[in-house]
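So the chains spell out like this:
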Amino acid sequence: MKLQYDRPASVWTEGLPMGNGRLGGMIFGGVEQEKIGLNEDTLWSGYPTDGNNPGAKEVLPKVRKLIQERRYQEADTLTREMQGPYTQSYLPFGDLLLRFEHGGIHHSYKRTLDIEQALHSVEYQVGNVTYKREMFASNPHQVIVLRLTASVQGKLHVHAALDSPLRHTLQVKEDRFVLSGTAPEHVDPSYVASDNPIRYGEPGAGKGMVFEGQLAVTAEDGQVIVDSQGIHLLGATAATFYFSAATSFNGYDNVPGKREKGASVIAGSFLNIATAQPYTSLRDAHISDYRSLFDRVKLKLGTPLAPDGMSTSQRITTYAAEDPGLVELLFHYGRYLLISSSRPGTQAANLQGIWNALTRPPWSSNYTLNINTEMNYWPAEVCNLAECHMPLLDMIGNLAEKGAETAQVNYGTRGWTAHHNSDLWAHTAPVGNYGGGDPSWAYWPMGGVWLTQHLWEHYAFSGNETYLRTTAYPLMKEAALFALDWLIDDGSGNLTTAPSTSPEHKFRTAEGIAAVSSGSTMDISLIWELFTNCMEAAERLETDMEFRKELESVRERLQPLQVGKYGQLQEWSEDFEDEDTYHRHTSHLVGVYPGRQLSEEETPEWFAAARTSLERRGDESTGWSLGWRVALWSRFRDGNRSLRLLSNMLRLVKDGDTEQYNHGGVYANLLGAHPPFQIDGNFAASAGIAEMLVQSHLSYLELLPALPDSWQKGCVSGLRARGGFEVSIRWDRGQLAEAQITSMLGTDCVLRSDVPLIVTSNGTQLDTIRINASTLRFPTSAGQTYSIAVEGDQ
Ligand code: FUC
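Conventions used here
Residues numbered from 1 in each chain as written. Predicted model: local features only at pLDDT ≥ 70, side-chain atom pairs only at ≥ 80, totals over all residues. Heavy atoms only, no water. Helix = DSSP H or I, 4+ residues; strand = E, 2+ residues; numbered from the N terminus. Rg over C-alpha atoms; globule rule 2.2 N^0.38 Å. Buried < 20%, exposed > 50% of the residue type's maximum accessible area, 1.4 Å probe, protein only. UniProt positions renumbered as here; feature names shortened; annotations may be inferred. Near = heavy atom within 4 Å. Polar contact = N/O pair within 3.5 Å; in protein donor to acceptor, adjacent residues only side chain to side chain. Areas by Shrake-Rupley, 256 points an atom, 1.4 Å probe, with all protein chains shown as cover. Nonpolar A, V, L, I, M, F, W, Y, C, P; charged D, E, K, R; others polar. Pairing = 2+ DSSP bridges. Contact = heavy atoms within 4.5 Å. Axes fitted to C-alpha atoms, helices over the stretch in contact; angles between N-to-C directions. Parallel < 35°, antiparallel > 145°, perpendicular 65-115°, else oblique. Left-handed = near helix turned anticlockwise from the far one by under 90°. Salt bridge = Lys/Arg side-chain N within 4 Å of Asp/Glu carboxyl O. Domains from an automatic or database assignment. Buried area = accessible area lost by both parts, 1.4 Å probe. Core = buried A, V, L, I, M, F, W, Y, C linked by side-chain atoms within 4.5 Å. Expected span 1.5 Å × (residues − 1). Bend = angle between axes of the 7 residues up to and from the residue.

The name recorded for the chain in an unreviewed UniProt entry is Glycosyl hydrolase family 95 catalytic domain-containing protein, from Paenibacillus illinoisensis.

Structure follows, in structure tokens:
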């Protein structure tokens, strides 16, 4: 449960991340100088705007006509007229720099991240003195804490300071060193060539937010001097530094008066509370808060191959997924990262979670809604971190408000829509800067339709009907209203979408390559999922019977999916040739995972075709794409293939490797590499591993659906399944040995198993009802645990 290294990080991607959901730190410094990259999750460029494009309404019928006439390239070009501005960017706060006055010559260096406790430590010796640094980001106290100690009295001489690449001033306020800054009003995306990419407002009168960071120290001995250069700690043996930060962000809509306190007051008050605590109580509060989430799931996949002291980077290059211990670490690391980047009340994790060092980060470090944002949250429910899902669910509520205007202004439809990208300001309009964005990504009005799946899943796992009634269903219904108005008759009575893309992928026609056509499989599948979820929700809530019927009849008329000439599930409504057979997006398989439209039982032909499609895509891609394929192969019940994909993912990518689309992996710090760094691969890996062990997306719960041959013996506990179940499983010789299922809601449990099972509760065997050859059902009581064994095994 440790990431460990025997030398300091030399670059950011060798650093180790800490976070409390809001504040992030990337520890990537050396011995003589420690460096912690700082982040605050509301620190973005920009201010509220909408970006809606009233001209889109007139363009829409013309684009639809071109599509009908199969003039796809012209349709591509015309969709550009429907675009709005790019989103804003997630920005770095700056760095916390600690200079140790003991020189750089040292020995016995070790740095560790213990993900069981969310604690970082650095330890080394200079001569006979052992220096230690212990660091964490506390959620209960909302500060980053650094504890420094020397084994010999009075040996700590340290200078600490703050710096930022954003406009700022430095000053001393009482005994604190304070950095006050202003964010730019605008930052151009990294992929836009611009002479003036970062634009600040008038000093003192700009629209960019302000932010402040405060640094303080309490020393047990020695001397502390705070001056305009920073904090000087002289001749101490033990001291604790505290970093606190806040911004003036006042909600995505910046309604005046909503926020009572400014950045400075907020940052200061967290610091007041933290500095008044002894170090041990801060540390204890942090660990118990973190463990209350982390400890819920345990996983054992086999005997670790790597020797105890081996560095994590060495372990990755030597073993990849052959070391079950490394796969366990990867699984739990995703959980660590979600707990560290997404807590109730914080912003949703963006492309880099909350860790970003660049003023023009890749893809603006924004919310990319055509896969990456959803992927970030795939592990939340199944891996027992439903609380960490909340920031995304809240964000969906914001997007629904802004997206209702976009739907109305751009298309004149009901409901709400979001497109390819979003940001802190809940951007919902198509991006592209009024014509500059390639339609293959810039044109995609399905963001809202896909995101609402998360609202339903939060309910499906928890069974929380109040949440479904008051929050989830109304937002889902509004997204469904958009979809109803968006669908058009394809001329044969079927309903389709147009203009439509299969995100980021293009097709070839006799005329050339294009992106825009009608009824991409992804559009149809996402709408199918939304309508199905809405219908089930309305049924559970016993509401909206008429609306339910309407959805049902419209769902019936959705343009049917098709099997193409290679036996593949067609990605588009015509059997076009792919622009790139090995493309990273597997959008047309969304009904296999994370959706449930396609299955062996319900849609065997399409399911088999989807498998062929995945086969054709191959096993090489970006980090996040490999993660998706782990989960997809699990849904095809091919654990060996999932493991192969995990192996491809556990491939060391070097810092500085340029943007790549066919060879992703992880960095030395086990963070996902597209490359560049993108955190979604980590989250997909955790979700995919969970999917190998438990599935519940269909009408039953399945244990060990995709166990690879090499995981002969192991156990997992604490995974969640839809319907309100918590599951623990032990397996041996590659087979189920026993399982415990705890029922949270008291609903019937339906289990799929090819071998006969015995269910007992409190030592008494239950009568189970056999539904068919492979599924059985038994009633449960809320709070009760049921033991499952294979008949004949006892
Ligand atoms: C989509 C992907 C890219 C990258 C970007 C953030 O555009 O196709 O690979 O993940 O999002």
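The helix and strand tally for the chain stands at 18 helices and 39 strands. For 794 residues, the compact-globule estimate of 2.2 N^0.38 gives 28 Å, and the C-alpha radius of gyration of the chain, at 27 Å, lies within 12% of that figure. Summarising its shape, the C-alpha atoms of the chain cover approximately 80 × 70 × 45 Å along the three principal directions. Looking at the chain residue by residue over its 794 residues, the buried ones come to 62%.

The next thing to look at is the UniProt feature "domain: Alpha fucosidase A-like C-terminal" (unreviewed entry) in the chain. In this structure's numbering, the residues bearing the UniProt feature "domain: Alpha fucosidase A-like C-terminal" (unreviewed entry) are residues 695–788. Taken end to end, residues 695–788 has its terminal C-alpha atoms 16 Å apart, with 0% of it in helix and 55% in strand.

Every residue lining the ligand is accounted for by L351, W363, T368, N372, E504, R584, H585, W624, Y661, H674 and Q678. One of the side-chain nitrogen or oxygen atoms of N372 is found 3.1 Å away from an oxygen atom of the ligand. A total of 290 Å² of accessible area belongs to the ligand in isolation, and the protein chains cover 97% of it. In the shell around the ligand, the residues fall into four nonpolar, five polar and two charged.

The next thing to look at is the pairing of strand β6 (residues 107–114). Pairing analysis gives four bridges linking strand β1 (residues 2–5) to β6, with the strands arranged antiparallel. Along β6, the bridge assignment pairs Q4 with T112. Taken together, the six bridges between β6 and strand β7 (residues 119–126) define a ladder with antiparallel strand orientation. Looking across to β7, one finds that L113 is bridged to H120. Where β6 folds back on β7, the antiparallel hairpin that results is connected by four residues, among which A118 adopts a positive phi of roughly 55 degrees.

Checked against the element boundaries, S517 lands in the loop between β25 (512–514) and α13 (521–541). Apart from residues no more than four positions distant in its own chain, S517 is found in contact with I67, Y72, T497, A498, P499, S500, F507, W572 and F576.

Here we take up the packing of helix α1 (residues 56–68) against helix α2 (residues 72–79). Across the interface, α1 lies against α2 with an axial gap of 8 Å and an inter-helix angle of 165 degrees. Considering the angle they form, α1 stands roughly antiparallel to α2. Viewed along their axes, α1 and α2 form a crossing whose handedness is left-handed. Contacts from V59, K62, V63, L66 and I67 of α1 reach α2 at Y72, E74, A75, L78 and T79. Looking at side-chain class alone, the contact of α1 with α2 contains seven nonpolar, one polar and two charged residues.

We now examine the environment of K565. Looking at where K565 falls in the secondary structure, it is placed in the loop between α14 (545–557) and β26 (577–578). Residue K565 is classed as partly exposed on the basis of its relative accessible area of 49%. Residues K565 and E577 lie twelve residues apart in sequence; the distance between their C-alpha atoms is 9.7 Å. Setting aside residues no more than four positions away along its own chain, K565 makes contact with D575, F576 and E577.

Attention now goes to the pattern of salt bridges. Taken as a whole and judged by the stated rule, the model has 47 salt bridges. A salt bridge links R641 to D619; the shortest N-O distance between them is 3.1 Å. One end of the pair, R641, is in helix α17 (residues 639–649); the other, D619, is in the loop between α15 (604–617) and α16 (623–635), and 22 residues separate them in sequence. By sharing partners, the salt bridges in this structure join E600, E601, R637, E702, R752 and D754 into a single network.

Segmenting the chain into domains produces domain 1 (2–45 + 89–296), domain 2 (50–84 + 366–371 + 390–618) and domain 3 (712–790). Of note, the centres of domain 1 and domain 2, computed from C-alpha atoms alone, are 41 Å apart. Between domain 1 and domain 2, the residue contacts involve nine residues of the former and eleven residues of the latter. Taking both sides of the interface into account, the surface hidden between domain 1 and domain 2 amounts to around 860 Å²; carbon and sulfur atoms contribute 70%.

Turning our attention to the nonpolar core. Proteins that are soluble and globular tend to have nonpolar side chains buried together. One finds F531, L646, L693, L701, W711 and L751 to be the most contacted residues of the largest nonpolar core, which totals 230 residues. A per-element tally of this core places helix α12 (residues 465–486) first, with 13 residues. The contacts of L751, once residues within four sequence positions are left out, are L701, L703, I741, L757, S774, T775, L776, F778 and I788. One finds F136, A216, L271 and L282 within the second-largest nonpolar core, a separate group that totals eleven residues.

Residues annotated in UniProt with the feature "domain: Glycosyl hydrolase family 95 N-terminal" (unreviewed entry) correspond here to residues 3–251. Taken end to end, residues 3–251 is 8% helix and 48% strand, and its first and last C-alpha atoms sit 36 Å apart.

The next thing to look at is α12. Residues separated by three or four positions in an α-helix point in the same direction, a consequence of the helix having 3.6 residues per turn. A rise of 1.5 Å per residue sets the reference length of α12, with its 22 residues, at 32 Å; its end C-alpha atoms lie 29 Å apart and thus fit the reference within 8%. The largest bend in α12 comes to about 45 degrees, at A472, with the proline P474 one to four residues further on. The backbone nitrogen of T466 lies 3.2 Å from a side-chain oxygen of the residue at the head of α12, namely N464.

The next thing to look at is the environment of S311. In this structure, S311 sits in the loop between β19 (298–300) and α5 (312–319). Residue S311 is classed as buried on the basis of its relative accessible area of 13%. Counting along the chain gives 309 residues from S311 to K2, while the straight-line C-alpha distance between them is 9.7 Å. Those residues in contact with S311 that sit more than four places away from it in its chain are Q4, Y5 and D6.

What links the strands of a sheet is backbone hydrogen bonding, and the strands pair in either a parallel or an antiparallel sense. Taken in spatial order, the three strands make up an open sheet running β25-β24-β26, and their pairing is antiparallel. Looking at the sheet topology across the chains shown, the edges are occupied by β25 and β26. Relative to β25, strand β24 (residues 507–509) runs antiparallel, the two being bridged by three bridges. If you follow F507 over to β25, its bridge partner there is A514. Packing against the sheet, α2 makes contact with β24 and β25, and its axis sits at approximately 40 degrees to β25.

A word on the packing of helix α9 (residues 386–411) against helix α11 (residues 447–462). Relative to each other, α9 and α11 sit at 135 degrees, their axes nearing to 10 Å. Put simply, α9 runs oblique to α11. Seen along the crossing, α9 lies across α11 with a hand that is left-handed. The residues of α11 that touch α9, namely those facing A386, H389, M390, L392, L393, I396 and L399, are L451, H454, L455 and H458.

A separate point is unusual backbone geometry. With omega at -5 degrees, the peptide bond leading from A498 into P499 counts as cis. In this structure, P499 sits in the loop between β23 (495–496) and β24. The omega torsion across Y593 and P594 is 5 degrees, close enough to zero to call that bond cis. Position of P594 relative to the elements: it lies in the loop between β26 and α15. The backbone phi angle of W363 is positive, close to 50 degrees, even though this residue is not glycine.

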